[in-house]
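Structural overview
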Amino acid sequence: EKTISVNVSKATPYIKTAPTATAITYGEALSASTLKNAAVWYSESDQKEVEGTFTWKEAATKPTVADSDKTKYDVVFTPTDAENYNTVETKITLTVNKAASAPGLPNNTMEVDYGKKKVSDVTLPEGWAWQDEDQDKALTVGTAVAATAVYTGEDKGNYETESVEISITRK
């Protein structure tokens, strides 16, 4: 008869199929995306399914549209049986859809005071500018003039609507 010591360590599960992430809209954090359709096994050769959940490692991250389906983000698999299994990480991408309108979208009609003689004299919200070809258009009293405002903010390219045609009338 002999007594021996056996050291049993936790198993590290094998991610057979990484989760897929539901799409989010620009401005939303990764936490707004649901992770689903994953398969985690005991090992590459042992198909015993390991129960648990996937979560975003940095759930507060807010991706841009340029990151869509390109940038990989860390997800963590936490097994239900944490006593016998280690957590495992993998990287996945997700789709980031454009948000509806850029911030500060101007109204499509403006009445300006008599002192404004051309389009470039009319002030737009921060992050917006007049289209180059409209800047020198003259504003005549009582007649509507069409000019296009375009979004120029640092996050340009993340919105469906980044320009608006504005009817400007000088009083």
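Here the structure is shown first, and the text comes after it.
None of these values were measured; they are calculated from a predicted model.

1. As for the sheet that holds strand β6 (residues 52-56)
- Ordered by their spatial adjacency, 3 strands build an open sheet running β6-β7-β8, and the pairing between neighbours is antiparallel. Looking at strand neighbours, the two that pair on one side only are β6 and β8 (88-92), the edges of this open sheet. The sheet shows a mean angle of 30° between the axes of neighbouring strands, taken without regard to direction.
- When strand β7 (residues 73-79) meets β8, the two strands line up antiparallel, connected through 5 bridges. In the sheet register, Asp-74 faces β8, and the bridge partner there is Lys-91.

2. Concerning the nonpolar core
- In terms of nonpolar packing, the biggest core is built from 38 residues, with Trp-56, Trp-130, Ile-166 and Ile-168 touching the most fellow members.
- Those elements giving two or more residues to this core turn out to be β6, β7, β8, β11 (109-112), β12 (128-130), β13 (144-151) and β15 (163-170).
- Counting residues per element, this core draws most heavily on β13, which supplies 4 residues.

3. Description of the environment of Lys-118
- The topology assignment puts Lys-118 in the loop between β11 and β12.
- The class of Lys-118 is partly exposed, set by a relative accessible area of 33%.
- Separated by 20 residues in the primary sequence, Lys-118 and Ala-138 have C-alpha atoms spaced 4.3 Å apart.
- For Lys-118, the residues in contact, after removing those within four places along its chain, are Gln-135, Asp-136, Lys-137, Ala-138 and Leu-139.

Here is what the cut-offs are and how they apply
Residues numbered from 1 in each chain as written. Predicted model: local features only at pLDDT ≥ 70, side-chain atom pairs only at ≥ 80, totals over all residues. Heavy atoms only, no water. Pairing = 2+ DSSP bridges. Helix = DSSP H or I, 4+ residues; strand = E, 2+ residues; numbered from the N terminus. Axes fitted to C-alpha atoms, helices over the stretch in contact; angles between N-to-C directions. Core = buried A, V, L, I, M, F, W, Y, C linked by side-chain atoms within 4.5 Å. Buried < 20%, exposed > 50% of the residue type's maximum accessible area, 1.4 Å probe, protein only. Contact = heavy atoms within 4.5 Å.

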